[in-house]
Amino acid sequence: MTFYTARGDDGTTGVLGGGRLPKYHVRMEALGALDESTAALGLARAQCADPRSEPILLEAQRDLYKLMAEAAAMPNVAQQFRFITAERVAWLEEQTNALSEQVEMPKQFILPGDSLAGAALSVARTVVRRAERRVVELFDMREVANPDLHRYLNRLSSLCFVLELLENQSAGRPTSFAKGK
């Protein structure tokens, strides 16, 4: 067994539902951003100190895997890959709301870097935001039909922000503000 297929050597990638698309296609850009989001969440998860963070991030990574499958599916087969629904968006909202009660919401913009895990979560938040923009583009082009995909990504970026605050707090580090004190 090899870890490569060489099928992409022609500059195309296979998609769910058949066919191949150029690697630079908007769908491939969205899938790449989603893949980066999963990796960024994994890097953050590996550094988290607060015991509440790891299981939430792991579940979000598993959700992103399923979200990526739906985004990779051509419209004629996308329904069979649908997993992200209003219920999964609500799960993120529940997690975010519960953790929000444990941290102080900053009254101004913050700077990343108060803890290693917090900084990793800030990077993950920005990568998830990029994935959200790419998925919204797919939605606007009618390449995907499920609005819960970008709703999920929007809430996930908010969760990353709250987790950043939680991890900074767990590390005993005060929040650095963009404008200073």
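Note that the coordinates shown come from a computational prediction; the quantities given were computed from them, not determined experimentally.

Calculation rules
Residues numbered from 1 in each chain as written. Predicted model: local features only at pLDDT ≥ 70, side-chain atom pairs only at ≥ 80, totals over all residues. Heavy atoms only, no water. Helix = DSSP H or I, 4+ residues; strand = E, 2+ residues; numbered from the N terminus. Polar contact = N/O pair within 3.5 Å; in protein donor to acceptor, adjacent residues only side chain to side chain. Contact = heavy atoms within 4.5 Å. Salt bridge = Lys/Arg side-chain N within 4 Å of Asp/Glu carboxyl O. Buried < 20%, exposed > 50% of the residue type's maximum accessible area, 1.4 Å probe, protein only. Axes fitted to C-alpha atoms, helices over the stretch in contact; angles between N-to-C directions. Parallel < 35°, antiparallel > 145°, perpendicular 65-115°, else oblique. Nonpolar A, V, L, I, M, F, W, Y, C, P; charged D, E, K, R; others polar. Expected span 1.5 Å × (residues − 1). Arc of directions from axis to C-beta. Left-handed = near helix turned anticlockwise from the far one by under 90°. Core = buried A, V, L, I, M, F, W, Y, C linked by side-chain atoms within 4.5 Å.

Looking at the side chain of threonine 12
Mapping threonine 12 onto the fold places it in strand S1 (residues 12-14). Side chain to side chain, threonine 12 and aspartate 10 meet in a polar contact 2.6 Å long. Looking at threonine 12, its side chain comes within polar contact range of the side chain of arginine 20, at 2.7 Å. Beyond its immediate chain neighbours, meaning those up to four positions away, threonine 12 contacts Arg7, Arg20, Leu21, Pro22 and Lys23.

Examining the pattern of salt bridges
The tally for this structure, following the rule as stated, stands at 11 salt bridges. One salt bridge connects arginine 129 with glutamate 132, and the closest N-O pair in it is separated by 3.3 Å. Of this pair, arginine 129 and glutamate 132 both sit in helix H4 (residues 116-140), 3 residues apart, roughly one helical turn. The residue glutamate 137 makes a salt bridge to arginine 134 at a minimum N-O spacing of 3.3 Å. Of the two residues, glutamate 137 and arginine 134 are both situated in helix H4; the distance of 3 residues between them amounts to about one turn of the helix. On the accessibility criterion, arginine 134 (26% relative accessible area) is partly exposed. One continuous salt-bridge network, built from bridges that share partners, spans Glu59, Asp63 and Arg88.

Digging into the packing of helix H1 (residues 26-47) against helix H2 (residues 53-72)
With their axes 9 Å apart at the nearest point, H1 and H2 run at an angle of 170° to one another. Classified by the angle their axes make, H1 and H2 are roughly antiparallel. The residues of H2 that touch H1, namely those facing Arg27, Leu31, Leu34, Asp35, Ser37, Thr38, Leu41, Gly42, Ala44 and Arg45, are Glu54, Leu57, Leu58, Ala60, Gln61, Leu64, Leu67, Met68, Ala71 and Ala72. Class assignment of the residues belonging to the contact of H1 with H2 gives a composition of 12 nonpolar, 4 polar and 4 charged.

Some details on helix H3 (residues 86-100)
The terminal C-alpha atoms of H3 lie 21 Å apart, and with 15 residues this matches the ideal 21 Å at 1.5 Å per residue to within 8%. Within H3 the residues assigned to the buried category are Arg88, Val89, Trp91, Leu92, Gln95, Thr96 and Leu99. Along the axis of H3, the buried positions cluster into a sector of 155°, meaning they face one direction only. When the buried face of H3 is taken as reference, the exposed residues oriented beyond 90 degrees from it are Glu87 and Glu94. Where the residues of H3 are buried, they touch H2 and helix H5 (148-170).

Here we look at the environment of glycine 11
Along the chain, glycine 11 falls in the segment before S1. What makes glycine 11 partly exposed here is its relative accessible area of 30%. Separated by 113 residues in sequence, glycine 11 and alanine 124 place their C-alpha atoms 28 Å apart.

Points about unusual backbone geometry
The phi angle at alanine 6 is positive, at roughly 70°, despite the residue not being glycine. Locating alanine 6 in the fold gives a position in the segment before S1. With a phi angle near 65°, arginine 142 is a residue other than glycine that sits in the positive phi range. Along the chain, arginine 142 falls in the loop between H4 and H5.

Quick look at the packing of H1 against H4
For the pair H1 and H4, the least separation of the axes is 8 Å and the interaxial angle reads 160°. By the angle class used here, H1 and H4 are roughly antiparallel. The handedness of the crossing between H1 and H4 comes out as left-handed. Classifying every residue of the contact of H1 with H4 by side-chain character gives 17 nonpolar, 2 polar and 6 charged.

Remarks on the nonpolar core
Counting 47 residues, the largest nonpolar core has Leu34, Leu41, Leu64, Leu67, Tyr152, Leu153 and Leu156 as the members making the most contacts within it. Broken down by secondary-structure element, the contributors of at least two residues to this core are H1, H2, H3, H4 and H5. Among the elements that take part in this core, H5 stands out by supplying 10 residues, more than any other.

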